[in-house]
Amino acid sequence: MKRQLFKALAIIVSAFLLVGCTPRLNNPETNYDVNLDVVSNYEVEGTLKVGITSIYTERWLIDALIEEYNQVYPNVEVKVDEVQGAYNNTLVGYWQAEQNTPGIMPDILVSNSTDMHSIIENGILLDLQKYVDESVKAGLLDLSDFHEDYWKLGQENFNGDQYVLPRSADRVVTHLNQTLFETIFKDYSDDELPFTPIEGTKVPANGWTWQEFMDTCEVIRKWYDDNGRKEQYLVDAYFDWEPIFNAIFRSEGAELIDKDQNVLVDTPEVKKSVELMNECIEKRYVAPPGTSVQGNYEGGQGIMLFNSAYAQRFYTSLTIDQQYDYNLTTFPLINGEEGPSYIGAGVAGYAMASTSRNKDLAWTFLLFMLSKDGQNALASGGMTTLPIRKDLEDPATNVWGKNLMDKGINMSAYTYGTERCVITDYYLNTGKPNIYNDLMTRVSEMLNTSLGRDEATRSQKIAECQEYLEYLIESAR
Amino acid sequence: MAKLNFAGKNGIKHVWGLVKKTVKDSYTGWLFVLPLVIGLLVFTFIPMFQSLMYCFYEYDGVRVFRFIGFENFVYMFTVDRDVPVVIANTFLWTILSVPVNLVLSYAFALFVNMKTKGMRFFRILYYLPVVIPGVVSALLWKDVFDPVYGIANSFLMKMGVAQSSLPRWFESEDFMAMVSLLLMSLWGIGGGMVLWLAALKAVPESLYESARLDGANAFVRCFVITIPMCSAMIFYNLLMSIIGSLQNFTTYIVAPNSGKGNGNSLYLYAVKIYNTAFSGYKFEYGYASALAWFLFLIIAVLTVILFSTSRWVYYGEEN
Amino acid sequence: MLRERKKCTPKKAVSLTIIYFFMILFAVVLLFPYVFMICKSLMTGTEAAQIPVELFPKKPTVSAYGKIFSSENSYMLYTFNSFKIIVFNVIAIPFSASLVAYGFSKTKFFGKNVLFAVMLSTMMLPTMVLQIPQFVMFMSFGWYDSMWPLTIPNLFGGGAANIFLIRQFMRGIPNSLDEAAKIDGANAFIRYLYITLPLCKAIIIFMMVTTFIAYWSDFYGPLIYLKTPAKFTLAIGIFKESEQLVQLDDKPVLMASGVFMTIFPAILFGFFQKELIEGVQMTGLKG
C-alpha cells in the first residue's frame, strides 16, 4: 500500500516536472519597422549602451565618439560596457540573461571582420540592411562616401546583408622603434643600408621587401648580441594571427581551402610559407610561439612589431611613456615589388544587437559614427588609421594623420598599397558558418605547434592540420 | 499487511483515518526536513530530469530548442574526435592516480599512527597542504613546473641533466604531462592520510597483541591484520577516489592550450563538458548533457561492479 | 604474567631511523613549494625571471605585497566578495543541516527512511549532470552574474554529506534530555534549539571551518556564475589575473596573491587543527 502510494506520487511528480520543463526561448524580432524621423530630432531623449572589448584603446575611441555625438544629440545618455573575457562568448551569456535581466545586452556592439561571423550566425547582431536601404533612400547615407571594398567587409559572408558598419580600413603595418634603428645604423651610409630609408632617417621606407627585412634583422641581431641583449628577440611577428599568416600564405600562392571545399593545407605552397616564418624563429629574430616569451616591442626590448593596431597607441607607449622615437612603415612585401605580395587587411566597426529596444535611436549613433564629424572624433580618440570615408583619406590634412605626421611619423604607411590588401576569407568557401571559428583556430594552432620545431614535427603538424580541417568540414553540424 | 477492504463507506473512512493519523504523527518531522525536500526537488530532481531531457535536444540556451532524438549520442560515439581522447585520458588518469594515492596515503597513515615521538607533528605537517586553496596550488605548481623558468628544471639542470632533455612537465604532449599532474596531486596526500587514521584506530589492539605473541613481525601484522580490518574503509575510499578522479577539473587551470594540454595530452572529461556547455560562441547544452549522462552511466556501472566484487570487504564486529 | 618490556634492538633502531628519514624527506618535499612561493613573492620582478632560478631572494622586498594592497588592483575587492559568500554559507549550512539532521535523528515521520536513502543516493550524482539545468534555472531567476546561486541553495539542507555527519553525531546524544524536555511541554523546535544544538557544538564548529575552507577555495562555482570583475571572488580573481600577468616581471605579484589567499585558511587551520583533523577522522568512520 505504501509502495503503491509512493509509486503514484513519483509518477505524478515526474509528469509535472517534465511538462514544466520546456525552457523559455528568446527569439528577437527580425521583422522590425524602421523609423528615421528620430535622426533629425536633435532634442530626442534616451539611453544607449555600447559594448566594447576591454582593450584600453577601444575605450579611448568610444569616449571620444560619445563626446562628439552628445554635441549633436545632447539629451541622449550613452553608457559604455567593457565586455570582459572572451568577447563573443560573454555576449552569448548576455543574450541568455537578457530575457530575465533586461538591459544587460548593449544596444551597440563593437566587432570586426574576423569575429563577426559567429555572432551573425547565431543571431546576436541585427541585420542592418533595412536601415541602410531606408537611409540611402532618405538621403541620410551615401554609400559612395566609403571605400567599397572595405564597406563590403561588414556584410554577411562579405557579400550579403550589412551587419557591421566599418569605421576604419585596417591593414597590417610594421611599427618600429626609431631610436634603436638610428642607433644601430648610425654609421651606415644610404648605400650601405640593407633597405631604402625614408629621406633623412635610418628607417625603412614604404614598400620594402621581405628579403630586405631579413637582411636588416641579421644586422640588428648581431648588434643585439654584441650589446647585452642576447636573450631578447627583435620582432613581435604575430605569425599565428589571421591577417599576418594569411598574407604570407596568399603571397606564396597557398590557398588553404579552395572553392570546391578541398583542403589544401598539406601542399608545397603552405610548406614554403611555414619555412619562411620558421626561418625568422631559427635565426632568433622572432620568439618561438606557444611559450610565454615575446619580443616585447611595447616594452622597449623588441625593435619591430607587425600589427594593424593604431599608431597612436604605440606613439603613447613608446614616445610618451618611454622616450623612444616611434615610427612605422609598411609590412614587408613577401615577393618584392613584382611578385605577388599581399598585405593583411580587415575592418573594425560597430553593429547593433538584435535584442535592442532602442533600434532607431541606436541607428542615429551609427549614422553619426559614419559621418565626417564622427570619423574625426574617432581619429582624435586614437583611431590613427585609414578611415572608412574616402574624403578623409589624406593623412597630411586630416585629423587621423596630421598630428602624428607633423611629428615626422610616416602615416602614409596606412595608405600604401591598397591594391595589395587582402582579407582572410578562405573559410567562406566551406559555406558552413558555424565552423569558421574552428577552422581559423585550428590553422593558428598548427602554426603555434610547428614554428620553432624541427623539420619532421613541422611536416607532421601540417599533415595533421590538413586532416583535421577535412574532418571539420565533413562533420560540421 | 492485511488487504484493505475498500468496499463501502466504512472502507474509505478507514483509509482516510489512516491518512489523518499519519499526517498528525509526522508533521513535526516533515517540518524539520522540509528544507531538504524542497532543496532536493528544486535543485536536484528537477535539474536531473531536465538534463536527461536535454540529452535528446539541441539547446543553445537562447534560441534553439529542437528535438533531435539520439543524434547527440551518435555524434558523440562516431564523429566527435575529442571523445575517445578524453575518455582515454580520464581513464588513464584514474588508473594512474587512484592506486598511487591510496597506497601512499595508507602507508603514511600507518607510519603516522605509530606511537613514536613526533608523529603528531608529522600528522599536522602532512595535512597542511590540504587547506591551501586549489587555485593557489595549481598556479604554484604550474610555475614550479614551467619548462623554462620553473625551479624544477633549474634543479635538474644543477644536478647535471642536459638542457635539451629537460622534461617539459605540463607542456609536454605525451605521458609526462600526466606524470606532472600526478606529482601535483601527491601534494595533497595528507587528506587521504587523515581519513585512514580513524579506521586504523578502530582496529582492536588485542589482535596485534596475539599476533606479536605468535611471533609475527611488523610486515606480517600489517598485511594480515590491519589491511583486512580496514577493508570497509578501503572500499569506501576506493569508490570515492574513482568517482572523484573521473571528474577532475584541475587541468583547466594548469594545462596550456586552454585546459587541453599540448596535443590534447591533458584533456579530461570534465573540461570537455565545461567547454561544450560554457565556452565558445555557441552553448551546446544538449550535447554537454549527453556527455554528462554518459559519465554518470560509467560511474554507475563502475559502482555496481565494485559492489558486486566486494565480498572481500569485512564489516562489523564478527570474529 | 609479567609482560616483557619491548627491547630497543639495533634492528629496530635502524628501521626507525630509516622511517624517520623518509618521513622528514617527504615533509621537506611537501613544504618546499610553499616555502618557494613565499620566497618568490619577496623577490623583485627581474630577480624572479632569472635563469637558473634561485630559491632565496638576494634582495628581499615587499613591493609585490604593496601592489596587492594598492587600489590599482582589485584583490581587496575580491576578498570582500569571498567573505560575503562565506559569511552567508557559514551560518546557513550548519544551521540548515542541523535542522534537517534533527528531523532525521530525533523525530519519527512517514517516509523517513526512504527520504534518507534518497538523500544519500544523490551523493552519487556527478555535479556535471546537474550543472547545466541549474545554470539555466538560475538564469531564469535573473541571477546572472550574482552570488545568489552560490548561497541560496545552501539554505535547503546544506548538502547530503553534512546532514549525514550531523545526524551521526546527534544519534550519539542520549535521548534522555530530549524526553525530559518533551514531558515539560517544549515543542520540537525549542528542544532542537536549546538542547540538542548546544550539544553539537564541536561538530558545528567543524562544519563551519570546513565550509569556510571549501568556499574560500571554490573555483568552479564562481567560474560559471560570476562574470564581471566587480563580483569575482578571490579564487576566480587570482586565476583571471594570472592569465593577464604573463610578463615575467609580474610573477612575484602572483605568488604574493597566492600567499595572501593561503593566510586565511592557514590561520583557521592553526586554531582549529585539532577539531579539523579529528572531525575529518570522524567522517572517515562512515565506512
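Residues numbered from 1 in each chain as written. Chains lettered and ligands numbered in written order. Predicted model: local features only at pLDDT ≥ 70, side-chain atom pairs only at ≥ 80, totals over all residues. Heavy atoms only, no water.

K.L.:
How do you make sense of the overall build of chain A when you look at a structure like this?
P.N.:
The number of helices and strands found in chain A is 16 helices and 10 strands. Computed over its C-alpha atoms, the radius of gyration of chain A comes to 25 Å, within 12% of the 23 Å expected for a compact globule of 477 residues. Reported as C-alpha extents along the three principal axes, the dimensions of chain A are approximately 95 × 65 × 40 Å. Counting the 477 residues in chain A, one finds 57% classified as buried. (Helix = DSSP H or I, 4+ residues; strand = E, 2+ residues; numbered from the N terminus. Rg over C-alpha atoms; globule rule 2.2 N^0.38 Å. Buried < 20%, exposed > 50% of the residue type's maximum accessible area, 1.4 Å probe, protein only.)

K.L.:
Would you mind showing me how to read the nonpolar core here?
P.N.:
One broad trend across soluble globular proteins is that nonpolar side chains are buried collectively. Core analysis: the largest hydrophobic core is formed by 332 residues, its most contacted members being Trp363(A) and Tyr126(B). In terms of residues, this core owes the most to one element, helix H15 (residues 285-308) of chain B, which gives 13 residues. Ignoring any residue separated from it by four or fewer positions in sequence, one finds Tyr126(B) in contact with Phe108(B), Val112(B), Gly190(B), Met193(B), Met23(C), Phe26(C), Ala27(C) and Leu30(C). (Core = buried A, V, L, I, M, F, W, Y, C linked by side-chain atoms within 4.5 Å. Contact = heavy atoms within 4.5 Å.)

K.L.:
Whenever I open this one, a nonpolar patch on the surface confuses me. Can you help?
P.N.:
A cluster of nonpolar side chains, namely Trp16(B), Val19(B), Val23(B), Tyr27(B), Trp30(B), Leu31(B), Leu34(B), Val37(B), Ile38(B) and Leu41(B), defines an oily patch on the protein surface of about 870 Å² accessible area. Inspection of the secondary structure puts Ile38(B) in helix H1 (residues 8-54). (Patch = residues over 30% accessible without salt bridge, like charges linked within 9 Å, V, L, I, M, F, W, Y side chains within 5 Å. Areas by Shrake-Rupley, 256 points an atom, 1.4 Å probe, with all protein chains shown as cover. Salt bridge = Lys/Arg side-chain N within 4 Å of Asp/Glu carboxyl O.)

K.L.:
So what exactly am I meant to see when it comes to unusual backbone geometry here?
P.N.:
Excluding glycine, most residues fall at negative phi; most peptide bonds, likewise, are trans. For Gln323(A), which is not glycine, the phi torsion reads 60° and is therefore positive. Position of Gln323(A) relative to the elements: it lies in the loop between helix H11 (311-322) and strand E8 (326-330). For Gln323(A), a relative accessible area of 64% puts it in the exposed group. Here Trp169(B), not a glycine, exhibits a phi torsion of approximately 50°, which is positive.

K.L.:
What exactly am I supposed to notice about the interface of chain C and chain B here?
P.N.:
In many reports, interface size means the accessible area that the parts give up when they come together. Each side of the interface is counted separately: chain C has 89 residues, and chain B has 90 residues. Contact between chain C and chain B buries roughly 8000 Å² in total, counting both sides, with carbon and sulfur atoms accounting for 81%. Scanning the region where chain C abuts chain B turns up 1 salt bridge. Here Asp143(B) and Lys40(C) are joined by a salt bridge, their closest N and O atoms 2.9 Å apart. Across the chain C-chain B interface, the total number found is 6 residue pairs in polar contact (both at pLDDT 80 or more). Of the residues forming the side of chain C that touches chain B, the biggest block, 16 residues, is contributed by helix H1 (residues 10-41) of chain C. Partitioned by chemical class, the residues of the side of chain C that touches chain B number 67 nonpolar, 15 polar and 7 charged. (Buried area = accessible area lost by both parts, 1.4 Å probe. Polar contact = N/O pair within 3.5 Å; in protein donor to acceptor, adjacent residues only side chain to side chain. Nonpolar A, V, L, I, M, F, W, Y, C, P; charged D, E, K, R; others polar.)

K.L.:
Explain the interface of chain A and chain C to me, please; I cannot follow it from the model alone.
P.N.:
Taken together, the contacts link 14 residues of chain A with 13 residues of chain C. For the pair chain A and chain C, the two sides together bury roughly 1200 Å², of which 65% comes from carbon and sulfur. Here chain A and chain C share 0 salt bridges between them. Across the chain A-chain C interface, the total number found is 1 residue pair in polar contact (both at pLDDT 80 or more). Listed by contribution, the elements that provide at least two residues to the side of chain A that touches chain C are helix H1 (2-19) and helix H3 (87-98) of chain A. For the side of chain A that touches chain C, the element with the most residues is H3(A), which contributes 5 residues. Here the residues of the side of chain A that touches chain C sort into 4 nonpolar, 9 polar and 1 charged.

K.L.:
What am I meant to see in the environment of Trp400(A) here?
P.N.:
Residues and elements named next belong to chain A. By the secondary structure assignment, Trp400 is in helix H14 (residues 399-406). Accessibility expressed as a relative area gives 1% for Trp400, which makes it buried. Between the alpha carbons of Trp400 and Gln312 there is a distance of 9.3 Å; along the sequence they are 88 residues apart.

K.L.:
Just to check I follow, could you spell out the sheet that holds strand E5 (residues 173-177) of chain A for this structure?
P.N.:
Two modes of strand pairing occur in sheets, parallel and antiparallel, and in both the strands are linked by backbone hydrogen bonds. Residue and element names in this part refer to chain A. An order of E6-E7-E5-E8 is seen for the 4 strands of this open sheet, with the pairing classed as mixed. Every other strand in the sheet has two partners, leaving strand E6 (235-236) and E8 as the edge strands with one partner each. Bridging between E6 and strand E7 (residues 304-307) involves 2 bridges; their strand directions are parallel. Considered in E7, the bridge of Val235 is made with Met304. (Pairing = 2+ DSSP bridges.)

K.L.:
Help me understand the pattern of salt bridges in this model?
P.N.:
It is possible for side chains of opposite charge to pair when their charged atoms get near one another. Enumeration according to the criterion identifies 27 salt bridges over all chains in this entry. Residue Arg458(A) pairs with Glu275(A) through a salt bridge whose shortest N-O separation is 2.9 Å. Note that Arg458(A) is positioned in helix H16 (residues 455-475) and Glu275(A) in helix H10 (residues 268-282), a separation of 183 residues in sequence. Accessibility expressed as a relative area gives 4% for Arg458(A), which makes it buried. Of the charged contacts, one joins Asp391(A) and Arg389(A) as a salt bridge, the two residues approaching to 3.2 Å between their closest N and O atoms. Residue classification places Asp391(A) among the partly exposed residues on the basis of a relative accessible area of 37%. Taking the relative accessible area as the measure of exposure, Arg389(A) reaches 9% and is therefore buried. Several salt bridges share partner residues, and in doing so they unite Arg453(A), Lys461(A), Glu464(A) and Glu173(B) into one network.

All we've got here are geometric facts, nothing functional implied.
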